[in-house]
Amino acid sequence: MLIKIKYFGLLTEVTNCEEETIDFSGNVISDLVEMLCVKYPNLKNKEFQVAQNQELVPVEAKLISNEIVLLPPFSGG
């Protein structure tokens, strides 16, 4: 399955891109994150949340969308 991954904030600096499309055969978001951490080793040292279908999800969630967003920590004020 082709997955579009969008990166925001400092994660764009780690990956050197704002979005990319990859071919992924897994079905759990944690497997996708693990693959990305192999591709971008510095990603392991960063905190981020994962969104699927415009909703924050745990990494243990099943991959049901072809678009995933990685969001750095943010605060309101």
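Please refer to the structure higher up on the page.
Since this is a predicted model, take the numbers as computed values, not measurements. (Residues numbered from 1 in each chain as written. Predicted model: local features only at pLDDT ≥ 70, side-chain atom pairs only at ≥ 80, totals over all residues. Heavy atoms only, no water.)

(A) Inspection of the pairing of strand β2 (residues 19-23) at higher detail. Burial along β2 is one-sided: Glu20 and Ile22 are buried, while Glu19, Thr21 and Asp23, pointing the other way, are not. As defined by bridge partners, strand β1 (residues 2-7) adjoins β2 across five bridges and the pair is classed as antiparallel. Bridging from a neighbouring strand, lysine 6 pairs with glutamate 19 of β2. (Buried < 20%, exposed > 50% of the residue type's maximum accessible area, 1.4 Å probe, protein only. Helix = DSSP H or I, 4+ residues; strand = E, 2+ residues; numbered from the N terminus. Pairing = 2+ DSSP bridges.)

(B) Quick peek at helix α2 (residues 29-39). Looking only at α2, the buried set comprises Ile29, Leu32, Val33, Leu36 and Cys37. For α2, the arc enclosing every buried residue in end-on projection is 140°, short of the 170-degree limit, so these residues lie on one face. Among the exposed residues of α2, those pointing more than 90 degrees away from its buried face are Glu34 and Val38. Each element contacted by the buried residues of α2 is listed here: β1, β2, β3 (49-52), β4 (55-57) and β5 (67-71). (Arc of directions from axis to C-beta. Contact = heavy atoms within 4.5 Å.)

(C) Geometry of the pattern of salt bridges. Evaluation of the coordinates by the stated rule reveals three salt bridges. Residue glutamate 67 is joined to lysine 6 by a salt bridge in which the shortest nitrogen-to-oxygen separation is 3.7 Å. Here the residue glutamate 67 occupies a position in strand β5, and lysine 6 occupies one in strand β1, the gap between them amounting to 61 residues. Since its relative accessible area comes to 28%, glutamate 67 is described here as partly exposed. By relative accessible area, which is 23% here, lysine 6 ends up partly exposed. (Salt bridge = Lys/Arg side-chain N within 4 Å of Asp/Glu carboxyl O.)

(D) Focus on the packing of aromatic side chains. Tallying each qualifying case throughout the model produces one aromatic pair. Here tyrosine 7 and tyrosine 40 contribute two aromatic rings whose centre-to-centre distance is 6.2 Å and whose plane-to-plane angle is 80°, an arrangement assigned as edge-to-face. Of this pair, tyrosine 7 sits in strand β1 while tyrosine 40 sits in the loop between α2 and β3; the two residues are 33 residues apart in sequence, bridging distant segments of the chain. Here the two residues tyrosine 7 and tyrosine 40 agree in accessibility, since each one is buried. (Phe/Tyr/Trp six-rings, centres within 6.5 Å; stacked < 30°, edge-to-face > 60°.)

(E) The arrangement of the side chain of glutamine 52 in detail. Tracing the backbone through its elements, the reader meets glutamine 52 in strand β3. Overall, glutamine 52 belongs to the buried group, its relative accessible area being 5%. Excluding residues that lie within four positions of it along the chain, glutamine 52 makes contacts with Ile29, Val57, Lys62, Leu63, Ile64, Ser65, Glu67 and Ile68.

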